[in-house]
Every structure is written in structure tokens, then in C-alpha cells.
Amino acid sequence: MATNLTRREFLKDLGLLGAGITLAPAAVSGADIFDWDSQKTPVLNRPSWVNTSAVPTMEIDWDKMERWREWRTTRGSFAEYVGKERDDRLTKLQTENLDRWLKQNKPGYTLKDRALGIATGQGAGAQGFLQPKDVTTPEKLGVSKWTGSPEDAAVMVTAALRHLGAGTIGFVELDPRTTEKLIYAEDPDKKVMKIADVDQPTEDDKTRVIPKKARWVSVWTVPMSQETTKAAPTVLCQLTTGLTYTLNRSIQLRLQYFLAGLGYLGLGEASTNALGISPALGTMAGLGEMSRLNRLITPEWGPITRVFKMITDLPLAPTKPINAGIMQFCKVCKKCADFCPSKALSFDTEPTWQVRGPWNNAGHKAFYEDSTKCRAYWRQVGTNCGLCFTACPFGTKNQAFFHEFRNALVSATPVFDSALKAVDDWLNPGPANPELGNPFKDPEKWWKTTNLPIYGINTSTGVSEI
Amino acid sequence: MWWLILGIAIGVIGWWLVAWTRAKKIAVKWYEWLLAVIALGFALLALQNYYAFLREMEPYSAGVMLALLGVPALIFAVIAVGLVWWENTKVAKTPAKNS
């Protein structure tokens, strides 16, 4: 055996080594990384490392799942879960803290943060379950309603939604045995969401009726400013969420007009978080994967996005769930649980079927959170926190080569997840001063940065103008 | 645009380096060129990640990436240059046979 390689032998071995390194992740995961996934989504460019899957990366037992009453979350039932006395104490503490920090000029809670917070809630379009009455239907124009294949409709609605301000878009077909269970049984205002064999939707004081023929759901993300989200848990972070909801109210209203203009129904969220379970519908539509946050993490923006939906009778080609290795990475990472000041998130290595309380919806294998701990911390800081979002390694702006490398590796194999988490710990070691209400990133620096993208969002994500 | 300019600069400097070592009769082994290319690869990665993290408004992470990728670049570069220097010095000090 030769001990000294010739140049030719060396180059040959080098080529073999390169090929080995390239193919190793595929061999480990059993995936063919060169197999272009043509079914990824017929409608939108997604990163090349995002693979579609017949089922989501979160296990679901549809037989055990029931349509959920939204007001059973801590949004609607916090006082019931913690008791009136504690609820009153937290309300008093919230008022005191916000008032004290305002007067102290605490970064993120100053007058300008409060003023911007109020401002971002203004100018939203009317929000309703039913389409407005003044829509211009094809009938009014003297033409037939739009017709085309479900695939054509999906492309058309995607183009419209992107133009109206959505980030990524997917579609779910409602099946009474499965996905229909993701539509609420009762909305946040306790109105019963009835699915009935009627021609037109209706709404009264107690009920919202969805016609059975409306079997398709458009689901979309609206990304949020990462920079202001990372000012968590301050007013500046909270107003980012508020602004996204305000922006979406316009998107929802415009989509309702658009669908009516084509001759179809567009049944929207009657209020914030109404109609159906956003993370679940987002998962089924392939916008992202469920995670340790028990929320959606998207390949494009990580968790720093909001998810919205609308039911329609326009047949839309469903998009498939995805597997980008995100849920698998969450099993190793646990960074959000570490960052969480109230320790509300699960530290378990594997997701479980066992819920943590009556605020959780059973029937899926998840990292269930203790929502009362989370909500109690919100009340103490007077905002909606968001520190778990800032902790997530996927909540990055993806300009550095490292992010793309990490995402591709996470998608290809779980072998390097621990090592990648360790690198992320070096890059993002955590809040410098984790005292109550102290921001993760300095809000005052953000106030002095005047050249950020519009809405603080990289709107070129997923763009292809070729 | 900056990457195009950098690419052209690397090409020109690389060409000049090869010509210079030949003109000066400095012997460079193939594995020494390889080490130099690896050092260059790490340096480019360090540069891209450093500036991209700064653009992402993450100066701390930028510094970490500069260290994580810049140090290997430096080590490979030092080894490559050191080997060339050591081997050429050794040759220069060895008395020529049958002179």
C-alpha cells in the first residue's frame, strides 16, 4: 500500500471525500436531498430545504380531537383558572408596573413606546365573520362567477394575498373527520360556530353559521418586525404584535371583497384569534411546524410571524404539511423554555399526549405549556412578553450564510442538532439583565435606527422576479 | 457588487502570487496551495457572516462568527506560509552536492 499519494490520487480522494460529505446527511436521514419536491407547494416559492410530507411532524389523534371552544384558553378563562383574588392582584400589579416604568422612563415602556403602541392599533379595516354588504359581485356586474381549477384558484388567491400583504400562503380542505375539527366550536365571544347544510352564512347574537359547501380554508402568515420583537417583553415588542393584527384586519377585509368579487364566500375572523386554531391550520397548510413553543415555527421567519385564516366555498388545491426538521430540532434545543421567565414551556425531550390544563386542546402530541404561568407573567410586565420568540434559533433574518447552512442541515438530518444548538448559544447567549420587564434588545437603539425595512419586515423573502 | 470586486481581486492576487513564487524560485508544494485555499475559504466565510450579522443588527453574533471562522482561516494561513518558509529555508541551508 502506497504511503505517499501522488497529486492525481490525492485529487481523486479529495473528490470522493467531498461527495461523501455532501451525501452523508442524505444517507443518515434516508432522504434523497437531490429529489426536487414538486409537490412542495404549487403556489409559492419555499426554501429548497423545505420538504413536504403526507402528515405533519406533530402526531394527531383525530378521533380524540374535538372542536375547541376558544374562550377556554387563558385569553378567555384566566380568572377562572387562577382565581379572582390572584387575577385582581395581577391586574393591580400590571397597572402599578406600567405606571412606574412610564414615569421612570424605563426603555421600552417610555411615553414614545406607549404612544406608538396606541398608534399601531389605529386605522384597521372593519373586522367581521361575514363579508361586507357593499361588495361588488359578478352578478352586479352582469357576468358569471369566476371558474377555474382548484390549482388555478390556489395560484390566483396566493398572488392576491401576497399583494395584500401576506407572507406565505397555504390551503386546507375541511374534512368532518379531521381538519374540520380545527374550526372552533365556539368563538372567543362564546358564539356557537355551527356548520350547517345551508346556502348562505348567517350570524346572530348567539350563533355563526358556516355553510357546509364552504370547505376550503386559506391560511396565511403576516411576518412581524424581528427587531422590535426582540425588544421583548416591552411595550415596543407588544406593539409589534398589535401592528401585525392591525395590518391583517385590512388583509382580511380586502380578501373578503376579493372573494365576493369573484362570486364566492369569504368568512373571516370575527375578532382576534377567532374562527379556528391558527397554528394547527398553519401546520396542516404547510406554513410551518409545531414546536416546543406549542406555536408555529415557519422556515422563513421562525416563530416571528402571525397566522390568519379565512373559510371559502371557492375550491382551492390543498397544500401539504412540511418537514424542515424544526420539530425534531425543538426536541434537542429547549432554548425557549430556558429563556421563558415564568418557566411555562415544557422541558420534556419528547412531546406528549397529556395536556397541562383545561386551557390546552387535547388530541395532538405536543409540548403543552402552562398557559397560566405565561399569562401571569404578561400581567406582571403589562405586555405580551415574547421572550420565547426572541430565543428561537430560527427567528433570524437569514442574511448570514450560517443561517442557510443551519437550516439545510437541520432539514437533512438531526445528527448535528446538538452542535448547532451549541453554536446558537454562542451567538445568542440570552438577556444580559433578565430582571422583570428588562428588554432582550435595547429599545432605545431601535428608536435611533431609521433605515430599517418598511414594517421592519424583509419583504423580499420568497420573491422571484425572474 | 462587492463580492464581484472581491472575486476579481482574489483572482488577480492569486495570479500574481503564483507568478511571484515562480519568479523568486520559491518552491510551493501542492498541499501548501491547498492549505492556502482552505484558509481563503474560511476567511471568505468569516467575512460574509461578519458583515451579514452586522446587517442583521447582531454585532455580538458578528464578533463570534468572525472568531469562529477567522481563527481557523488564520491557522491554515500560518501553517501554509510557515511550511513554505521552512522548506525553502531548509533547502537554502542544505549544502549542494557535487558543486
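K.L.:
Would you mind showing me how to read the overall build of chain A here?
P.N.:
Within chain A, the regular secondary structure consists of 16 helices and 10 strands. With the C-alpha coordinates of chain A rotated into their principal frame, the extents come out at 85 × 60 × 45 Å. Residue burial in chain A is summarised as follows: out of 466 residues, 45% are buried. Relative to all contacts within chain A whose residues are 6 or more apart in sequence, the contacts with residues 24 or more apart total 77%.

K.L.:
What is the right way to look at the overall build of chain B in this model?
P.N.:
Each helix and strand in chain B was counted, giving 3 helices and 0 strands. Listing each helix as α and each strand as β along chain B from the N terminus yields α-α-α. Here the C-alpha atoms of chain B give a radius of gyration of 18 Å, more than 25% beyond the 13 Å that 2.2 N^0.38 yields for 99 residues. In terms of its C-alpha atoms, chain B occupies a principal-axis envelope of roughly 65 × 25 × 15 Å. Relative to its full complement of 99 residues, chain B shows a buried share of 18%. Across chain B, contacts joining residues at least 24 apart in sequence account for 68% of those joining residues at least 6 apart.

K.L.:
Teacher, can you tell me more about the interface of chain A and chain B here?
P.N.:
A common way to report how large an interface is uses the accessible area buried once the components associate. Counting residues at the interface gives 11 residues for chain A, matched by 12 residues for chain B. Looking at the side of chain A that touches chain B, the elements that each hand over two or more residues are helix H14 (401-412) and helix H15 (417-427) of chain A. For the side of chain A that touches chain B, the residue count by class is 5 nonpolar, 3 polar and 3 charged.

K.L.:
Honestly, the sheet that holds strand E6 (residues 216-223) of chain A in this entry has me stumped. Any pointers?
P.N.:
Sheet strands associate in pairs through backbone hydrogen bonding, adopting either a parallel or an antiparallel arrangement. Residues and elements named next belong to chain A. Strand order in the open sheet formed by 3 strands is E2-E6-E9, with antiparallel pairing between adjacent strands. Each end of this open sheet is capped by a strand with a single partner; those strands are strand E2 (169-173) and strand E9 (305-312). Taken over all neighbouring pairs, the strand axes of this sheet differ in orientation by 25 degrees on average, direction set aside. Relative to E6, E2 runs antiparallel, the two being bridged by 5 bridges. When the bridges of E6 are listed, Glu 173 appears paired with Trp 216. Running over the sheet, helix H6 (residues 150-164) touches E2 and E6 and is turned about 135 degrees from E2. Packing against the sheet, helix H8 (residues 235-262) makes contact with E6 and E9, and its axis sits at approximately 20 degrees to E9.

K.L.:
What should I look at first to understand the environment of A:Glu139 in this one?
P.N.:
All names here are of chain A. Within the fold, Glu 139 resides in helix H5 (residues 138-141). Look at Glu 139 and you get exposed, because 10 C-beta atoms sit within 10 Å. Note: C-alpha distance between Glu 139 and Thr 52 (87 residues apart in sequence) is 39 Å.

K.L.:
Help me understand the sheet that holds strand E3 (residues 192-196) of chain A, please; the structure alone is not making it clear to me.
P.N.:
Taking strand neighbours across the sheet as the criterion, the 3 strands line up as E3-E5-E4 (chain A) in an open arrangement whose pairing is mixed. With partners counted over all chains shown, the strands left at the sheet margins are E3 and strand E4 (202-203) of chain A, one partner each.

K.L.:
What exactly am I supposed to notice about the pairing of E9(A) here?
P.N.:
Note on strand geometry: in a regular strand, side chains alternate between the two faces of the sheet. All names here are of chain A. Burial runs high along E9: 8 of the 8 residues are buried. Judged by which residues are buried, E9 turns out to be covered on both faces: Thr 305, Val 307, Lys 309 and Ile 311 on one side and Arg 306, Phe 308, Met 310 and Thr 312 on the other are all buried. Of the pairings in the sheet, the one linking E6 to E9 comprises 8 bridges and is antiparallel in character. Of the residues in E9, the one forming a bridge with Trp 216 is Thr 312.

K.L.:
What should I look at first to understand H6(A) in this one?
P.N.:
Because each turn of an α-helix spans 3.6 residues, side chains separated by three or four positions in sequence point in the same direction. Residues and elements named next belong to chain A. Here H6 is 15 residues long and its end C-alpha atoms lie 21 Å apart, about the 21 Å a rise of 1.5 Å per residue gives. Of all the residues in H6, the buried ones are Ala 153, Ala 154, Val 157, Thr 158 and Leu 161. Projected down its long axis, H6 carries its buried residues within an arc of 135 degrees, all on one side. In this structure, the buried side of H6 is in contact with E2, E6 and H8. In the segment just after H6, Gly 165 is the residue with positive phi, at about 120 degrees.

K.L.:
Even after reading the chapter, I still don't get helix H2 (residues 30-55) of chain B, so can you show me in this structure?
P.N.:
Between its terminal C-alpha atoms H2(B) stretches 38 Å, which fits the 38 Å expected from 26 residues at 1.5 Å a residue. Three or more residues of H2(B) are buried, namely B:Leu35, B:Ala36, B:Ala39, B:Phe42, B:Leu45, B:Ala46, B:Asn49, B:Tyr50, B:Ala52 and B:Phe53. Of the surrounding elements, those touching the buried residues of H2(B) are H14 of chain A together with helix H3 (59-93) of chain B. Positive backbone phi, at 60 degrees, marks B:Met57, one or two positions downstream of H2(B).

K.L.:
For this particular structure, what's the right way to read the confidence of the model for chain A?
P.N.:
Parts of the model with low pLDDT should not have their predicted coordinates read in detail. Put simply, chain A has an average pLDDT of 91, and 90% of its residues get 70 or more. Note on residues 21-36 of chain A: pLDDT under 50 across the span, and 14 contacts to partners over four residues away in sequence or across chains.

K.L.:
Explanation requested: the environment of B:Leu6 in the structure shown.
P.N.:
All names here are of chain B. Looking at the element boundaries, Leu 6 is found in helix H1 (residues 2-23). Given 13 C-beta atoms within a 10 Å radius, Leu 6 is considered partly exposed. Here the alpha-carbon distance between Leu 6 and Leu 44, two residues 38 residues apart in the chain, equals 9.6 Å.

K.L.:
Sorry, what's going on with the pairing of strand E5 (residues 207-211) of chain A here?
P.N.:
Residue and element names in this part refer to chain A. Covered by surrounding structure in E5 are Arg 208 and Ile 210 only, the residues Thr 207, Val 209 and Pro 211 on the alternate face being uncovered. Sheet analysis places E4 next to E5, joined by 2 bridges and oriented antiparallel. What sits directly across from Glu 203, in E5, is Arg 208. Connecting E4 to the next strand, E5, in antiparallel fashion are 3 residues.

K.L.:
So what exactly am I meant to see when it comes to the nonpolar core here?
P.N.:
Among soluble globular proteins, nonpolar side chains are generally buried collectively. A:Val217, A:Val219, A:Leu281, A:Cys336 and A:Cys388 are the most contacted members of the largest nonpolar core, which has 95 residues in total. With 11 residues, H8(A) is the largest single contributor of residues to this core. In this view, A:Cys336 contacts A:Arg292, A:Leu293, A:Leu345, A:Cys388, A:Ala391 and A:Cys392; residues no more than four positions away in its chain are not counted. In terms of nonpolar packing, the next biggest core, distinct from the first, is built from 17 residues, A:Ala400, B:Phe53, B:Ala62 and B:Ala80 among them.

K.L.:
Even after reading the chapter, I still don't get the packing of H2(B) against H3(B), so can you show me in this structure?
P.N.:
Between two packed helices, the angle of one axis relative to the other and the distance separating the axes together describe the packing. Residues and elements named next belong to chain B. Taken N-terminus to C-terminus, the directions of H2 and H3 make an angle of 165 degrees; their axes are 8 Å apart at the nearest point. The orientation of H2 relative to H3 falls into the category roughly antiparallel. With respect to the hand of their crossing, H2 and H3 are arranged in left-handed fashion.

Cut-offs used in this document
Residues numbered from 1 in each chain as written. Chains lettered and ligands numbered in written order. Predicted model: local features only at pLDDT ≥ 70, side-chain atom pairs only at ≥ 80, totals over all residues. Helix = DSSP H or I, 4+ residues; strand = E, 2+ residues; numbered from the N terminus. Buried ≥ 20, exposed ≤ 12 C-beta atoms within 10 Å, placed from the backbone. Contact = placed C-beta atoms within 7 Å. Rg over C-alpha atoms; globule rule 2.2 N^0.38 Å. Nonpolar A, V, L, I, M, F, W, Y, C, P; charged D, E, K, R; others polar. Pairing = 2+ DSSP bridges. Axes fitted to C-alpha atoms, helices over the stretch in contact; angles between N-to-C directions. Expected span 1.5 Å × (residues − 1). Arc of directions from axis to C-beta. pLDDT = per-residue confidence, 0-100. Core = buried A, V, L, I, M, F, W, Y, C linked by C-beta atoms within 7 Å. Parallel < 35°, antiparallel > 145°, perpendicular 65-115°, else oblique. Left-handed = near helix turned anticlockwise from the far one by under 90°.

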